[in-house]
Amino acid sequence: MNQWTALLERHAAAAGPRSFEGVLRRVRRRRQRQVLGAAVGVLLVVGGAALAAARPTSTARPQPGATSAPDTIVVNGKTLHRDKLTPILSVSAPSRDDHLLVLVAGYRDPYPSGPTYCDPWTVPYVLRQTATTVVVGAYDYLVPRPPPPGGGCFGTGHSPATLTVDLGTALGGRRVVDESSGAETTTIVESDFLTTARLPDGYGDRRFFGGRNPGFSEPYLSQTWTGPGGAELNLVEGPPAEVIHVHVQHVGTAQVRGRFGQLVRTAGGTANRCLRWDEGPGDAVELCTRGYSQQLLTVEGLVAFADLLRRPGAADVRQQAPASIQVQGRTLEVQGGAAFAVGYLDPAQPQDIVVHLTTPGSVGGCFTWPVLRVVSQSPDQVAIGVFEYQVAKPVCVDAMPDTREDAPYLRVALAEPLGRRRLIDVGAGGLEALVIDPTQWLTAGRLPAGYSDRGQIPFRGERGGGGSALVTQTWAGSHGLVQLVLQQGQATALGGDPVSHVTVRGHVGTYSSAPGRTFPVRCLSWLERANDRVVLCSNGGDLKRTLPDAELLSIAEGLRPRTT
């Protein structure tokens, strides 16, 4: 039995994931040199720009702020002449506070004697920097003398070079532009993604790649660690549509740091076991152990490894809340923090912040009991967090809650109204949360007979196009599934097939229908102002009682900002 297996068994037998805290305190995160091998070269040919890992440095040190690359350089005693810009395949950075960029571009010299005419030497340069943009270029340098007649160059398939440039200042939120194309690159910031301070025994040699596929605003990152006998441990994080979904067999559920996860077995020539969960709104994670049956991590081992994942530099959120609380006569221990999609202001109680969770709370089973707390307040920002508590027990595998409640609204009072201060979500690693003020959005001035407001703040918010807010309000009718839905924002999703046009609130409106659905839907949509499309829909429910067009128009004309 190796040391990792012994640790996992002790973890499974102990009272929750706290058994690893001693280990975590003794482990410091090390930046490891990573090797981009021949497999990554194959990925580049087949269709992926691969990122080599952490920090190899270029031989010729570039100067920050250079406006152009020099005409000649000297490498291994040879004078090389600048040839041309070469495309940059990928860009990564350890964090936004770091001043180093790692580029994958050009050629790695394969011979100790130094570059030749056939084997260029690639050097990166920081060409221009502004408050919003960093322009980098990778130049190929060649021995000026061509090969003798009849001695042409052969395609040897060298791997691209991994090159480091020093910006001289923190990257921050600036865009990185490739001089060879003039286009912005997808910059992978490692601290935006999960990592671990400890691996199972025998695992190492991390390789990663990532990027941003067309149609998705956020990048994804795939990390793979190689284990004994060719086994692999693979971690993919990014937008839900980016996380690879293959044919799977559902085999159970598991608790992952206060989050509900699914255990699946994937199809393929080897036995694969995966754990999937949502790390936060729009942030999906898949952790897989791959190899032959005897090499796979156990379910407990996979869950234990997932419990160790952290964002680099992020504080353990469990240290920012009481270690235990009493609920319904039970002692619950803090498991971690959960991200929330949106923070809502309450016009009736201006000092309150309200969040809505997508997962119901429970005192028992795999679900946790969420508590919203204020972590810190300053003149510039307010940090709040959803802390999840659970009955102390071993790793929860394939168990469902013994009581299921509606996903809750949680409320916390600040010392004073939020105002223009930023709202920070500590459960999402300190990211800024979207704040929705209901008084800035339209709501129904009157409701049809039988429809009612659901109380609290009936807004459901999410990020729309360009990071703007997209809000949805729903009013329930008195018959079955009858609903009235109002959606506003830059990327509205409601609607159907256009039917006719009408003037609404001084704008051109469109009636649309979705007759092919199980429940008929009739909608009226219009552009209220720039980047603010409004869609008002009537869902007929199981009794097929959609509101008539004249009623929809009357409700639309009566929309007004919410004040109480």
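All of these numbers come straight from a predicted model, not from anything done at the bench. (Residues numbered from 1 in each chain as written. Predicted model: local features only at pLDDT ≥ 70, side-chain atom pairs only at ≥ 80, totals over all residues. Heavy atoms only, no water.)

**As for the sheet that holds strand S22 (residues 352–356)**
As a general point, the strands of a sheet are linked pairwise by backbone hydrogen bonds and lie either parallel or antiparallel.
No. 1: Taken together, four strands build an open sheet; the order of strands is S25-S22-S21-S28 and the sheet is mixed. Looking at the sheet topology across the chains shown, the edges are occupied by strand S25 (409–413) and strand S28 (434–436). Ignoring strand direction, the axes of neighbouring strands in this sheet form an average angle of 30°.
No. 2: As paired elements, strand S21 (residues 342–345) and S22 share three bridges and run antiparallel to each other. Looking at the pairing, leucine 345 lines up with isoleucine 353 of S22. (Pairing = 2+ DSSP bridges. Helix = DSSP H or I, 4+ residues; strand = E, 2+ residues; numbered from the N terminus. Axes fitted to C-alpha atoms, helices over the stretch in contact; angles between N-to-C directions.)

**Notes on the packing of aromatic side chains**
No. 1: Per the counting criterion, the structure on display carries two aromatic pairs.
No. 2: Arranged with centres 6.2 Å apart and planes meeting at 70°, the rings of tyrosine 125 and tyrosine 139 form a pair that is edge-to-face. Taken together, the residues tyrosine 125 in strand S6 (residues 121–129) and tyrosine 139 in strand S7 (residues 133–142) connect sequence positions 14 residues apart. A single burial state applies to tyrosine 125 and to tyrosine 139, both of which are buried.
No. 3: Their ring planes at 75° and their centres at 6.0 Å tell us that tryptophan 225 and phenylalanine 305 sit as a pair that is edge-to-face. Taken together, the positions of tryptophan 225 in strand S13 (residues 220–226) and phenylalanine 305 in helix H4 (residues 299–308) put the pair 80 residues apart, joining distant regions of the chain. Across the pair, phenylalanine 305 and tryptophan 225 agree in class, each one buried. (Phe/Tyr/Trp six-rings, centres within 6.5 Å; stacked < 30°, edge-to-face > 60°. Buried < 20%, exposed > 50% of the residue type's maximum accessible area, 1.4 Å probe, protein only.)

**Considering the sheet that holds strand S4 (residues 88–93)**
No. 1: Here four strands make up an open sheet; going across it, the order is S8-S5-S4-S11 and the pairing mixed. Both outer strands of the open sheet, strand S8 (161–166) and strand S11 (187–189), are each paired with one neighbouring strand and no more. The sheet shows a mean angle of 25° between the axes of neighbouring strands, taken without regard to direction.
No. 2: Summarising the sheet, strand S5 (residues 100–105) and S8 pair through six bridges and their orientation is antiparallel. Paired with leucine 101 across the two strands is valine 165, which belongs to S8.

**Points about the pattern of salt bridges**
Oppositely charged side chains may form a pair once their charged atoms are brought near each other.
No. 1: Under the defined criterion, the tally for this structure stands at 16 salt bridges.
No. 2: One salt bridge in this structure joins aspartate 192 and arginine 96, with 3.7 Å as the shortest N-O distance. Taken together, the residues aspartate 192 in the loop between S11 and strand S12 (204–211) and arginine 96 in the loop between S4 and S5 connect sequence positions 96 residues apart.
No. 3: Assessed through its relative accessible area of 34%, aspartate 192 is described here as partly exposed.
No. 4: Look at arginine 96 and you get partly exposed, because its relative accessible area is 34%.
No. 5: Each of Asp83, Lys84 and Asp140 takes part in a single network of salt bridges with overlapping partners. (Salt bridge = Lys/Arg side-chain N within 4 Å of Asp/Glu carboxyl O.)

**Thoughts on H4**
No. 1: By the criterion of burial, H4 is predominantly enclosed, with eight of the 10 residues buried.
No. 2: All of the buried residues in H4 are Gly301, Leu302, Val303, Ala304, Phe305, Ala306, Asp307 and Leu308.

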